[in-house]
Amino acid sequence: MSLAGVTIIMSGGSRGIGEAIAVRAARDGANVALLAKTAEPHPNLPGTIYTAAEAVEAAGGHALPLVGDVRDDAFVADAVAQTGETFGGIDVVVNNASAIDLSRTEDIAMKKYDLMNDINCRGSFLLAKTSIPWLKQSANPHILTLSPPISLDPKWHTTFTAYTIAKFGMSLVTMGLAGELAGDGVAANSLWPRTAIDTAAVRNVVGPGLGASSRTPAIMADAAYEILTRPSRECTGNFYIDDDVLEEAGVTDFSVYLNGGKEEDLALDFWVEPKGPHNPDLSLH
């Protein structure tokens, strides 16, 4: 299966993992609507919605950059309508936009708590909810949310409670919509990286020293592609990990995703276990 002619609406996507997913889909000739706030260059984060749209077009796809805030109900409704009308439908929703603050509970400002939950959880719910009428008309509809598997193991709940709530909220969107939309053939899944992914946003929060212990965004883009090209009625309600998806698809060489370091030095992302003898828990926890 291919993503040729498929229409994707994505929150975020002006850089990092979202842009990588959009460009990978564009190589098949997909249509990609990007919903993001970054219309002007950010002093610490490279890329804008327009540079991402140019990358989509250069890869062979069709881009629709829509500047706005995923927390704004009217903007999201208008963006969904514009996307459906421009491309004749919507086949895929990618909930990529996310805010991060790793402060402990006693230190985090409630403004940051609200920001994370409004963008991560509410934004994912809103974009998916608003797109459902279009998705029900698609031959292979998918909702893919970039969020982790939910775990109640106490070891994952010793720090950054606010961020955990916001990301697990996104995962609850997946769990709930998978059940609600199963009868309509709309797949709802989550995708999360096994290891740290080298993006500007992560470097700003965690620090610049994580690069060699990270993989590139391409691994998430390739894993997302594998999920979105599967029959929607046969894969829903899953919390996928990037390298598991690619291994199942036949990938055996993961060195192409290294970011200058070694496999044995990769740092695990939050809420995931190591795969095999490598991927030690380094600096993310």
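Being a predicted model, the structure only gives us computed values, none of them experimental.

Rules used throughout
- Residues numbered from 1 in each chain as written.
- Predicted model: local features only at pLDDT ≥ 70, side-chain atom pairs only at ≥ 80, totals over all residues.
- Heavy atoms only, no water.
- Helix = DSSP H or I, 4+ residues; strand = E, 2+ residues; numbered from the N terminus.
- Rg over C-alpha atoms; globule rule 2.2 N^0.38 Å.
- Contact = heavy atoms within 4.5 Å.
- Lys, Arg positive; Asp, Glu negative; His and termini not counted.
- Charge placed at Lys NZ, Arg CZ, Asp CG, Glu CD.
- Axes fitted to C-alpha atoms, helices over the stretch in contact; angles between N-to-C directions.
- Left-handed = near helix turned anticlockwise from the far one by under 90°.
- Nonpolar A, V, L, I, M, F, W, Y, C, P; charged D, E, K, R; others polar.
- Salt bridge = Lys/Arg side-chain N within 4 Å of Asp/Glu carboxyl O.
- Buried < 20%, exposed > 50% of the residue type's maximum accessible area, 1.4 Å probe, protein only.
- Core = buried A, V, L, I, M, F, W, Y, C linked by side-chain atoms within 4.5 Å.
- pLDDT = per-residue confidence, 0-100.
- Pairing = 2+ DSSP bridges.
- Patch = residues over 30% accessible without salt bridge, like charges linked within 9 Å, V, L, I, M, F, W, Y side chains within 5 Å.
- Areas by Shrake-Rupley, 256 points an atom, 1.4 Å probe, with all protein chains shown as cover.

**Student:** So what exactly am I meant to see when it comes to the overall build of the chain here?
**Tutor:** Summing up its helical and strand segments, the chain has 8 helices and 7 strands in all. Its C-alpha atoms give the chain a radius of gyration of 18 Å, within 12% of the compact-globule value 19 Å for 285 residues. In terms of its C-alpha atoms, the chain occupies a principal-axis envelope of roughly 45 × 45 × 40 Å. A separation of at least 24 residues holds for 72% of the contacts in the chain among residues at least 6 apart in sequence. Once the 20 positive and 35 negative side-chain charges of the chain are each reduced to a mean point, those two points are 2 Å apart.

**Student:** Just checking my understanding: could you explain the packing of helix H3 (residues 73-87) against helix H4 (residues 110-135) for this structure?
**Tutor:** To describe two helices that pack against each other, one gives the angle between their axes and the distance between the axes. For the pair H3 and H4, the least separation of the axes is 10 Å and the interaxial angle reads 40°. Viewed along their axes, H3 and H4 form a crossing whose handedness is right-handed. Where H3 abuts H4, its residues Asp73, Val76, Ala77, Val80, Ala81, Gly84 and Glu85 lie against Arg122, Leu126, Leu127, Thr130, Ser131 and Trp134. Class assignment for the residues of the contact of H3 with H4 results in 7 nonpolar, 3 polar and 3 charged.

**Student:** What is the right way to look at the pattern of salt bridges in this model?
**Tutor:** A side chain of one charge can pair with a side chain of the opposite charge if their charged atoms are brought near each other. Scanning all chains against the criterion turns up 14 salt bridges. Linking Glu263 and Arg215 is a salt bridge whose minimum nitrogen-to-oxygen distance equals 3.5 Å. With a gap of 48 residues between them, Glu263 in the segment after helix H8 (242-248) and Arg215 in the loop between helix H6 (200-206) and helix H7 (218-228) connect regions that are remote in the sequence. Residue class for Arg215 comes out buried when judged on its relative accessible area of 3%. Each of Arg194, Arg215, Asp243, Asp244, Glu247, Glu263 and Lys275 takes part in a single network of salt bridges with overlapping partners.

**Student:** In this structure, what is going on with the nonpolar core? I would like to understand it.
**Tutor:** Buried together is how nonpolar side chains tend to be arranged in soluble globular proteins. Ile9, Ile143 and Trp271 are the most contacted members of the largest nonpolar core, which totals 41 residues. Looking at this core, the elements with two or more residues in it are strand E2 (31-36), strand E3 (62-67), H3, H4, helix H5 (161-181) and strand E6 (187-192). Tallying contributions element by element places H5 first for this core, with 8 residues. Leave out the neighbours within four places in its chain, and Ile143 touches Val93, Asn95, Ala128, Leu135, Leu177, Leu181, Val186, Ala187, Ala188 and Asn189.

**Student:** Just checking my understanding: could you explain the confidence of the model for the chain for this structure?
**Tutor:** Mean pLDDT for the chain: 93, with 95% of residues reaching 70 or above. Counting interchain partners and residues more than four positions distant, the pLDDT-below-50 stretch residues 277-285 has 30 contacts.

**Student:** Looking at this structure, how should I read the sheet that holds strand E4 (residues 92-95)?
**Tutor:** Within a sheet, neighbouring strands are paired by backbone hydrogen bonds and run either parallel or antiparallel to one another. Here we have 7 strands laid out as an open sheet, ordered E3-E2-E1-E4-E5-E6-E7, and parallel in their pairing. Of all the strands in the sheet, the pair left with one neighbour each is E3 and strand E7 (239-241). Neighbour to neighbour, the strand axes of the sheet diverge by 20° on average, direction disregarded. When E2 meets E3, the two strands line up parallel, connected through 6 bridges. From the neighbouring strand, Val32 faces E3, where its bridge partner is Ala63. Contacts between H3 and the sheet are confined to strand E1 (7-11), E2 and E3, with E3 contributing the most and set at about 160° to the helix.

**Student:** Looking at this structure, how should I read a nonpolar patch on the surface?
**Tutor:** Taken together, the side chains of Ile150, Leu152, Leu172 and Met175 present a nonpolar region at the surface, about 410 Å² in accessible area. Among the structural elements, Ile150 can be located in the loop between strand E5 (142-145) and H5.

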